[in-house]
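# Architecture and fold: a report
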Amino acid sequence: MTVPRLPVLLWGSSPEFDFRPSAVNPLSKTSQAEFNQILNSKTDNLQPPLLVFVKDSLCVEDLTQHKEDLRQVTNRSLLAYLPAVENPLSVFEDFPSYNRSYDDNVDSVSDSQLVIKPITTLDAISEIYRSIKDSSPNLIAALTGRSCSYSRSERIRRATVDNNSDTYKSKDFNPNASVMIYSCNISKNSNEFIVRGEKVLLYGSQLPSIKIKDMDFKNLSSITSCKEILDQFNNINLTLTFNGIDNNMEEVVLDFNIKNPSSGYYSMKSVIYKPNNANPEVLTSKLDIVFPFNFSYHCSNEIIFSENTTILKIPNMQIQVDAKRFGDAYDCVNFTTIPIWTGIFVTAMLGSIMIWAITMIMDIRTMDRFDDPKGKTITISALE
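Computed from a prediction, not measured in an experiment: that's the story for all the values here.

Here the focus is the overall build of the protein chain. Helix and strand content of the protein chain: six helices and 22 strands. Buried positions account for 40% of the 384 residues belonging to the protein chain. A separation threshold of at least 6 residues defines the contact pool for the protein chain, and within that pool the share at least 24 residues apart is 61%.

Glancing now at the state of the cysteines. Here, the word disulfide means a covalent bond between the sulfur atoms of two cysteines. Inspection of every chain in the model, using the stated rule, returns three disulfides. In this model, cysteine 59 is linked to cysteine 148 through a disulfide, with the two sulfur atoms separated by 1.9 Å. A torsion of 115° about the S-S bond marks the disulfide between cysteine 59 and cysteine 148 as right-handed. Linking cysteine 59 in the loop between strand S2 (50-57) and helix H2 (60-65) with cysteine 148 in the loop between strand S6 (140-147) and strand S7 (156-158), this pair joins segments that are 89 residues apart in sequence. Of the residues examined, cysteine 59 reaches a relative accessible area of 2% and is grouped as buried.

Strand order in the open sheet formed by six strands is S3-S1-S6-S2-S5-S4, with mixed pairing between adjacent strands. Whereas interior strands pair on both sides, the edge strands pair on one side only; in this sheet they are strand S3 (78-86) and strand S4 (99-102). Averaged over all adjacent pairs, the angle separating strand axes in this sheet is 20°, with direction ignored. Pairing analysis gives six bridges linking S2 to strand S5 (residues 113-119), with the strands arranged parallel. Bridge pairing in S5 places valine 54 opposite proline 118. Sitting on the sheet, helix H1 (residues 32-43) touches strand S1 (5-12), S2, S3 and S6, and the angle it makes with S3 is about 165°.

Bringing the pairing of S2 into the picture now. For S2, the tally of buried residues reaches seven of eight residues, placing the bulk of the element in the interior. For S2 and S6, the ladder comprises seven bridges, and the chain directions are parallel. Bridging across to S6, valine 52 finds its partner in alanine 142.

Here H1 is 12 residues long and its end C-alpha atoms lie 16 Å apart, about the 16 Å a rise of 1.5 Å per residue gives. Turning to H1, its buried residues number three or more, namely Phe35, Leu39, Lys42 and Thr43. For H1, the buried positions fall inside an angular range of 85° around the axis, keeping them on one side. In H1, the exposed positions angled more than 90 degrees off the buried face are occupied by Ala33 and Gln37. In this structure, the buried side of H1 is in contact with S1, S2, S3, helix H4 (88-93) and S6.

What follows is about the packing of aromatic side chains. Evaluated as defined, the whole model comprises six aromatic pairs. Here tryptophan 11 and tyrosine 129 contribute two aromatic rings whose centre-to-centre distance is 5.6 Å and whose plane-to-plane angle is 65°, an arrangement assigned as edge-to-face. Here tryptophan 11 is found in strand S1, whereas its partner tyrosine 129 is found in helix H5 (residues 125-135), with 118 residues between them in sequence. Judged by relative accessible area, tryptophan 11 falls into the buried class, the value being 0%. Here tyrosine 129 falls in the buried class, since its relative accessible area comes to 3%. Put simply, the rings of Trp11, Phe53 and Tyr129 touch in pairs and so form one group of aromatic residues. Cation over ring: lysine 313 sits above phenylalanine 217, and NZ or CZ is 4.1 Å from the ring centre.

The backbone phi angle of asparagine 294 is positive, close to 75°, even though this residue is not glycine. Structurally, asparagine 294 is set in the loop between strand S19 (290-292) and strand S20 (296-307). Owing to a relative accessible area of 34%, asparagine 294 belongs among the partly exposed residues under this scheme. For asparagine 316, which is not glycine, the phi torsion reads 50° and is therefore positive. Structurally, asparagine 316 is set in strand S21 (residues 310-321).

Where helix H3 (residues 67-74) contacts H5, the axes come no closer than 10 Å and their chain directions differ by 5°. The angle between H3 and H5 places the two elements in the roughly parallel class. Residue-level contacts link Leu70, Gln72 and Val73 of H3 to Ile125, Ser126, Tyr129 and Arg130 of H5. A per-class count over the contact of H3 with H5 returns four nonpolar, two polar and one charged.

On to the UniProt feature "transmembrane region" (unreviewed entry) in the protein chain, then. Here, UniProt's "transmembrane region" (unreviewed entry) annotation points to residues 340-361. End C-alpha atoms of residues 340-361 are separated by 31 Å, and the span's content is 100% helix alongside 0% strand.

Moving on to the pattern of salt bridges. Throughout the structure, instances matching the rule amount to six salt bridges. One salt bridge in this structure joins arginine 5 and glutamate 86, with 3.6 Å as the shortest N-O distance. With arginine 5 in strand S1 and glutamate 86 in strand S3, this residue pair connects regions lying 81 residues apart in the sequence. Exposure remark for arginine 5: the relative accessible area of 37% places this residue in the partly exposed category. With a shortest N-O distance of 3.5 Å, lysine 313 and glutamate 302 are connected by a salt bridge. Placement of the pair is lysine 313 in strand S21 and glutamate 302 in strand S20, with a sequence separation of 11 residues. For glutamate 302, a relative accessible area of 43% puts it in the partly exposed group.

The rules behind the values
- Numbering of residues starts from 1 in every chain and runs along the sequence as written.
- Only residues with pLDDT of at least 70 get local features here, since the model is predicted, and only at 80 or more are side-chain atom pairs given and counted; chain-wide, interface and lining totals rely on the full set of residues.
- Only hydrogens and water are set aside when side-chain values are computed; all heavy atoms of the structure are taken into account.
- Under the scheme used here, helices are H or I runs from DSSP no shorter than 4 residues and strands are E runs no shorter than 2 residues, and both carry numbers assigned from the N terminus.
- Relative accessibility under 20% of the residue-type maximum defines a buried residue, over 50% an exposed one, and the middle range a partly exposed one, all with a 1.4 Å probe and only protein chains included.
- Only heavy atoms enter the contact rule, under which two residues are in contact if any of them lie within 4.5 Å.
- Throughout, a disulfide means two cysteine sulfur atoms within 2.5 Å of one another.
- Here, strands pair whenever DSSP counts at least two bridges between them.
- Each axis is a line fitted through C-alpha atoms, and for a helix only the stretch in contact is used; angles between axes span 0 to 180 degrees, taken between their N-to-C directions.
- By definition here, a helix of n residues has an expected span of 1.5 Å times n minus one.
- To obtain the arc, one takes the directions from the helix axis to the C-beta atoms.
- For this analysis, a ring pair means two rings from Phe, Tyr or Trp (six-membered ring only for Trp) whose centres lie within 6.5 Å, classed as stacked if their planes differ by under 30 degrees, edge-to-face if by over 60, and tilted for the remaining angles.
- The criterion is that NZ of a Lys, or CZ of an Arg, lies within 6 Å of the ring centre and within 35 degrees of the ring normal, and then a charge sits over that ring.
- For classification purposes, an angle smaller than 35 degrees is called roughly parallel, one larger than 145 roughly antiparallel, one from 65 to 115 roughly perpendicular, and anything else oblique.
- For this classification, the nonpolar set comprises Ala, Val, Leu, Ile, Met, Phe, Trp, Tyr, Cys and Pro, the charged set comprises Asp, Glu, Lys and Arg, and every other residue, Gly included, is treated as polar.
- UniProt positions are given in the numbering used here, feature names are shortened, and annotations may be inferred rather than shown by experiment.
- Throughout this description, the term salt bridge denotes a Lys or Arg side-chain nitrogen within 4 Å of a carboxyl oxygen of Asp or Glu.

This is the structure we're talking about:
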């Protein structure tokens with residue numbers, strides 16, 4: 001009988017455990033003994049109350065689909081995320097020094113008590129956790145399942161990239177690292193294209209155009225295939241295959257290298273251009289294409305990637321990671337553009353003229369004494 005390997009999400013709000021977890025290899029596996037040690041390290045000495053949410057079927061993909069809801073529940077108190085633990089429920093059931101119980105209608109959890117709460121949907125976690133946390137501020141919660149029934153045909157896992165693969169790796173791509181490979185969907189409307197992958201959402205108002213040596217700019221033909229490669233460092237390689245240049249049937253491949261240089265930020269420094277039967281070229285951009293998590297990067301102008309005599313243009317490009325639709329955008333246009341500076345300069349000039357005119361008007365002095373025919377003649381001295 002195959003032992004199930006299931007994801008485990010562990011979080012809590014005790015100051016004792018207030019730290020940021022390290023990056024996780026999405027293909028790492030955790031044995032029962034290792035998970036027991038991790039659980040002991042989180043509960044050592046204090047024995048805080050433990051609440052374990054158990055779903056009959058739980059896979060990594062379920063956590064991905066509900067990541068926004070789960071992020072609000074954990075509220076920066078994530079202790080550990082383990083993508084593949086060997087039968088984690090049995091570890092909770094046999095966890096020493098705790099009084100264990102199953103409770104469908106749990107109201108509170110005391111210290112040294114471990115309550116296993118069955119759930120049917122992940123949406124129920126938020127309300128239950130917050131109500132119990134009010135009475136147990138040191139509560140530690142966990143989410144796991146009994147089995148995983150995920151069976152999407154396009155889900156492919158590989159320990160290493162096949163040496164015979166036609167995917168070109170940049171110098172930053174480690175061919176010996178564990179990776180995950182996904183297919184992605186392509187939508188095309190007129191000249192616009194949208195690529196929806198497991199990780200990357202990419203849009204362009206027109207298909208990319210390319211200039212090679214003395215040739216004029218020519219558009220790449222329709223996209224025929226797309227795939228994503230995610231390595232253990234959360235770097236993403238998005239591969240788009242085009243049906244040649246200007247309907248020329250020679251295949252052209254573009255690899256978009258999206259890096260995760262620091263926690264919460266993504267950057268795209270280069271695109272690898274791979275023409276059919278020719279050496280690949282790494283094209284770089286002078287723009288600093290950097291955007292934070294939950295934000296997209298957008299440029300209404302043409303983004304240019306170039307190397308020597310090869311130039312690639314992508315007009316009105318927008319890209320985001322881990323999103324089903326684009327969020328707020330970091331734009332390539334600087335905050336103070338030439339039109340803005342022109343407006344500021346003209347406004348300053350008009351304002352200066354207006355202030356000078358008002359000052360002149362305020363300095364006008366009118367006559368305040370008049371001749372009286374029955375009185376003395378007005379005498380005005382030189383000082384007046």
